[in-house]
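The chain contents come next:
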Amino acid sequence: MTLPPLAAQAPTSQSLFVRFRHVGINVFIGVLYTFFAYSSFKQWFDTGNMGALLIAIQETIIISFVIFRRRSFEETKVFWEWLIAVGGTAAPLLLRPDGTIVVTESVGAGIQFVGMLVTLVALLSLSRSFGVVAANRGVRTGGLYRFVRHPLYGSYIIGYAGFLLGNPTVWNVLIVVLMLICQYLRTLAEERILLNDPAYQVYAANVRYRFIPLIF
């Protein structure tokens, strides 16, 4: 009887590292999410702060897609690109609702709701092609991707701007600024990989804007 090659019998050390790395990211984000969700839902329950409820729902949707993301065809091996990807995903989980700005809270909650809806549509457009680090998980051109190349990051700008209106603490401002920087750098990292794909080259030539149609 002929035995299969050793590589076919057991995972390689590299594949095991990749597997543990993905599990480690999930655990890290999961722990942050637990504290974030507790704080947000408690703030909503105690004060009725709708911004806290909406940000909790939005991040719950995003984290669900993070956990069930599929493997990529080509994934970055650059350390700083991993760092900004994890940072961009984890940073919003450090936001904390304040609930003391009553005047702008309802306006902010309305903007958040719009951002949350755009986030949901963008995620559904991506389906399981959603990921954390820069990678090629297949070129998506349908849904909101017909209008901008990174609608999900555009929805973050809307949602977190609304959150800041109702919860404008120094801490939250710093976290949102950090998140926006990370998301922009993630965009550059993702396109560095995706532009190796001829299908994405055609798509990028036809869809000019990255985040918001006719603006940026």
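The structure reproduced in this document is the subject of the present report. None of the values given here were measured: they were computed from a predicted structure.

1. With respect to helix α4 (residues 79-90)
Turning to step 1, where the next piece is worked out: Taking 1.5 Å per residue as the helical rise, α4 with its 12 residues ought to reach 16 Å, and the 16 Å between its terminal C-alpha atoms agrees with that figure.
Turning to step 2, where the next piece is worked out: Among the residues of α4, those classed as buried are Glu81, Trp82, Ile84, Ala85, Val86, Gly88, Thr89 and Ala90.

2. Considerations on the side chain of Glu59
Turning to step 1, where the next piece is worked out: Here Glu59 lies in helix α3 (residues 50-67).
Turning to step 2, where the next piece is worked out: Summary of buried charges: Glu59 has no salt-bridge partner, and the nearest side chain of opposite charge, Arg186, is 9.2 Å away.
Turning to step 3, where the next piece is worked out: Not counting chain neighbours up to four residues away, the residues in contact with Glu59 comprise Tyr33, Phe36, Pro92, Leu93 and Tyr160.

3. Looking at unusual backbone geometry
Turning to step 1, where the next piece is worked out: In this structure, Leu214 is a non-glycine residue whose phi angle is positive, near 65 degrees.
Turning to step 2, where the next piece is worked out: One can find Leu214 in the segment after α8 (198-206).
Turning to step 3, where the next piece is worked out: Judged by its relative accessible area of 73%, Leu214 falls in the exposed class.

4. Observations regarding the packing of aromatic side chains
Turning to step 1, where the next piece is worked out: Evaluated as defined, the whole model comprises 3 aromatic pairs.
Turning to step 2, where the next piece is worked out: Considering the side-chain rings of Tyr156 and Tyr160, the 5.8 Å spacing of their centres and the 40 degrees angle between planes classify their relative orientation as tilted. One end of the pair is Tyr156 and the other is Tyr160, both in helix α6 (residues 151-166) and 4 residues apart, which spans about a single turn. Per residue, the accessibility class of Tyr156 equals that of Tyr160, and both read buried.
Turning to step 3, where the next piece is worked out: Through pairs of rings, three or more aromatic residues link up here, namely Tyr153, Tyr156 and Tyr160.

5. Looking at the packing of α3 against helix α5 (residues 105-126)
Two measures define how a pair of helices packs: the angle their axes make with one another and the distance between the axes.
Turning to step 1, where the next piece is worked out: Two elements in contact, α3 and α5, have axes whose closest approach is 9 Å; the angle formed by their N-to-C orientations is 15 degrees. Considering the angle they form, α3 stands roughly parallel to α5. In this structure, α3 crosses over α5, and the sense of that crossing is left-handed. For the pair α3 and α5, the contacting residues are Met50, Gly51, Leu54, Ile55, Ile57, Gln58, Ile61, Ile62 and Phe65 in the first and Glu105, Ala109, Gln112, Phe113, Gly115, Met116, Thr119, Leu120, Leu123 and Leu124 in the second.
Turning to step 2, where the next piece is worked out: Here the residues of the contact of α3 with α5 sort into 13 nonpolar, 5 polar and 1 charged.

Each value, and the rule that gives it
- Residues numbered from 1 in each chain as written.
- Predicted model: local features only at pLDDT ≥ 70, side-chain atom pairs only at ≥ 80, totals over all residues.
- Heavy atoms only, no water.
- Helix = DSSP H or I, 4+ residues; strand = E, 2+ residues; numbered from the N terminus.
- Expected span 1.5 Å × (residues − 1).
- Buried < 20%, exposed > 50% of the residue type's maximum accessible area, 1.4 Å probe, protein only.
- Lys, Arg positive; Asp, Glu negative; His and termini not counted.
- Salt bridge = Lys/Arg side-chain N within 4 Å of Asp/Glu carboxyl O.
- Contact = heavy atoms within 4.5 Å.
- Phe/Tyr/Trp six-rings, centres within 6.5 Å; stacked < 30°, edge-to-face > 60°.
- Axes fitted to C-alpha atoms, helices over the stretch in contact; angles between N-to-C directions.
- Parallel < 35°, antiparallel > 145°, perpendicular 65-115°, else oblique.
- Left-handed = near helix turned anticlockwise from the far one by under 90°.
- Nonpolar A, V, L, I, M, F, W, Y, C, P; charged D, E, K, R; others polar.

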